[in-house]
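Next come the chains, spelled out residue by residue.
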Amino acid sequence: MSDRPNPLGRLLSWDAAVVLVTVIVLIVASGAVENFGTSRNFTFLLLDLLPIALVALPMTFIIVTGEIDLSVASTLGLTSAVMGSLWDAGLSIETIIPLCIVLGAVLGALNGFFVTVLKLPSLAVTIGTLALYRGLAFVVLGDGAVADFPRDYTSWVTGTIGDGPIPNVLVPLAVVALIFGVVLHATPIGRGVFAAGAGEQAARFAGIRTGRLKFWLYVVAGAVAGLAGVLWTLRYSSARADNGFGLELAVVAAVLLGGVSIFGGKGTLPGVLAGVVLLATLQNALRLQDVSNEALNIVTGVLLIVSVLLPNIVSSARTALRRRHRATAPVSPER
């Protein structure tokens with residue numbers, strides 16, 4: 001039997017299936033949902049998926065290592081609250097933006113310290129910091145909102161390239177996504193990420209400092225969440241303590257929907273981006289149908305469960321088929 005990769009198997013991969021489903025959903029929604037196919041709605045769709053895609057990039061790395069970070073939305077909310085408080089205090093926006101990104105990195109470092117130094121479970125740690133960071137956001141800003149951010153910045157975030165439907169912020173996001181993709185799939189860092197997820201002890205024996213690797217992944221995830229908080233605030237021109245509430249569910253759902261294994265060691269960034277587009281498309285189409293946010297959370301939850309169960313079912317079925325094929329394959333006579 002040949003051990004060469006099967007092109008059909010690649011076509012039937014999870015990533016390809018997600019892309020195919022996304023194309024089908026786009027086509028069906030364009031024909032069935034009023035105003036979905038308009039240029040204006042396409043711009044809104046891209047703006048809606050931007051924070052999910054941005055936060056999903058480092059989240060992919062973290063989940064591939066076998067860990068998780070559920071505090072990203074609360075980090076976004078806290079950086080937004082701090083941004084509003086600093087703007088209200090009279091600081092310039094050019095000073096505030098880097099401070100918020102640094103704050104996000106510090107919050108991520110705290111997660112990394114608990115997980116990699118104190119060896120605490122990432123699920124428990126980030127559930128705790130999810131509540132802690134969101135609570136601090138309300139302490140900083142309360143229930144109110146701060147608006148009136150510089151029009152030059154808000155107009156750029158919400159504006160488009162020329163007269164087209166492509167938002168300005170999509171360009172830097174594409175560059176960042178390309179960098180993350182190259183790092184994950186074409187550098188020793190990426191190989192270390194996959195090795196840590198496939199087997200941390202074996203990765204250590206191979207000379208990979210998994211603790212340090214994971215720590216810096218949490219730092220990057222926090223910094224990116226801080227940047228997402230800045231963009232979120234400028235898009236809506238409103239700093240609020242509850243900005244990004246529930247975003248962590250959408251991010252994790254998109255990452256798992258894109259084919260990343262919740263158990264670590266498997267996944268691709270193109271698949272994750274396809275998962276982000278699919279999730280954002282479904283949410284956008286349902287909103288145009290006046291579906292409530294509560295119902296949207298149900299849809300996201302169902303997709304999250306499906307993205308965990310279905311790959312395991314498919315993997316089990318493939319394993320069973322291989323075993324059956326090997327059992328029934330004729331034995332070649334010895335020469």
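These numbers were taken from a predicted model, which means no experiment stands behind them.

Peer 1: Provide a residue-level description of unusual backbone geometry, including the pertinent values.
Peer 2: Despite not being glycine, N35 shows a phi value in the positive range, around 75 degrees. With respect to the helices and strands, the residue N35 is situated in the loop between α2 (14-32) and α3 (39-64). Within the chain, D290 stands out as a residue other than glycine whose phi angle is a positive 60 degrees. The residue D290 is located in the loop between α13 (269-288) and α14 (293-328) in this model.

Peer 1: Report on the packing of aromatic side chains, specifying residues and quantitative values.
Peer 2: Applying the stated criterion across every chain, the model contains five aromatic pairs. Ring geometry for F215 against W216: centres 5.4 Å apart, planes inclined by 85 degrees, an arrangement best described as edge-to-face.

Peer 1: So what's going on with a nonpolar patch on the surface? Residues and values would help.
Peer 2: A contiguous nonpolar surface patch, about 550 Å² in accessible area, is contributed by L110, F113, V117, L118, L120, L132 and L136. Every element with two or more residues in the nonpolar patch is listed here: α5 (93-117) and α6 (122-141). Among the elements that take part in the nonpolar patch, α5 stands out by supplying three residues, more than any other. Tracing the sequence through the fold places L120 in the loop between α5 and α6.

Peer 1: Outline the side chain of R235, listing residues and values.
Peer 2: Turning to its location among the elements, R235 is positioned in helix α11 (residues 210-236). Classification of R235 by relative accessible area gives buried; the value is 18%. A polar contact of 3.1 Å, which involves the side chain of R235, links it to the side chain of Y236. What R235 contacts, discounting residues up to four positions off in sequence, is F44, L47, D48, V157 and T158.

Peer 1: Could you give an account of the layout of surface pockets, naming the residues involved and the relevant values?
Peer 2: Estimated volume of the second largest pocket: approximately 940 Å³. Listing elements by their share of the lining of the second largest pocket, those giving two or more residues are α3, α7 (151-158), α8 (170-186), α11, α12 (247-257), α13 and α14. Class assignment of the residues belonging to the lining of the second largest pocket gives a composition of 25 nonpolar, six polar and five charged.

Peer 1: An account of the packing of α3 against α12 is needed here, citing residue identities and associated values.
Peer 2: Across the interface, α3 lies against α12 with an axial gap of 9 Å and an inter-helix angle of 60 degrees. As summarised for this structure, α3 and α12 are arranged oblique, according to the angle between their axes. When the axes of α3 and α12 are compared, the crossing they make is right-handed. Residues I52, V55, A56, M59, T60 and I63 of α3 form the contact with α12, whose participating residues are L247, A250, V251, V252, A254, V255 and L256. Considered class by class, the residues forming the contact of α3 with α12 number twelve nonpolar, one polar and no charged.

Peer 1: If you had to explain the side chain of N168 to someone new, which residues and values would you point to?
Peer 2: One can find N168 in the loop between α7 and α8. Look at N168 and you get buried, because its relative accessible area is 15%. At a separation of 3.4 Å, a polar atom in the side chain of N168 contacts the main-chain amide nitrogen of I161. In contact with N168, not counting residues within four places along its chain, are W156, G159, T160 and I161.

Peer 1: Describe the nonpolar core, naming the residues involved and giving the relevant values.
Peer 2: Formed by 73 residues in total, the largest nonpolar core has its most connected members in M83, L247, V251, V255 and V276. By residue number, the principal contributor to this core is α3, which donates 16 residues. Sequence-distant contacts of V255, that is, excluding residues within four places in its chain, are made with A56, M59, T60, I63, V260 and V272. Of all hydrophobic cores here, the second largest spans five residues; its members include V18, V25, L257 and A274.

Rules used in this analysis
- Residues numbered from 1 in each chain as written.
- Predicted model: local features only at pLDDT ≥ 70, side-chain atom pairs only at ≥ 80, totals over all residues.
- Heavy atoms only, no water.
- Helix = DSSP H or I, 4+ residues; strand = E, 2+ residues; numbered from the N terminus.
- Phe/Tyr/Trp six-rings, centres within 6.5 Å; stacked < 30°, edge-to-face > 60°.
- Patch = residues over 30% accessible without salt bridge, like charges linked within 9 Å, V, L, I, M, F, W, Y side chains within 5 Å.
- Areas by Shrake-Rupley, 256 points an atom, 1.4 Å probe, with all protein chains shown as cover.
- Salt bridge = Lys/Arg side-chain N within 4 Å of Asp/Glu carboxyl O.
- Buried < 20%, exposed > 50% of the residue type's maximum accessible area, 1.4 Å probe, protein only.
- Polar contact = N/O pair within 3.5 Å; in protein donor to acceptor, adjacent residues only side chain to side chain.
- Contact = heavy atoms within 4.5 Å.
- 1 Å grid on protein atoms, 1.4 Å probe; cavity = no way out; pocket = protein on both sides within 12 Å on 5 of 7 lines; lining within 4 Å.
- Points joined across faces, edges and corners; volume = space filled by probe spheres on them.
- Nonpolar A, V, L, I, M, F, W, Y, C, P; charged D, E, K, R; others polar.
- Axes fitted to C-alpha atoms, helices over the stretch in contact; angles between N-to-C directions.
- Parallel < 35°, antiparallel > 145°, perpendicular 65-115°, else oblique.
- Left-handed = near helix turned anticlockwise from the far one by under 90°.
- Core = buried A, V, L, I, M, F, W, Y, C linked by side-chain atoms within 4.5 Å.

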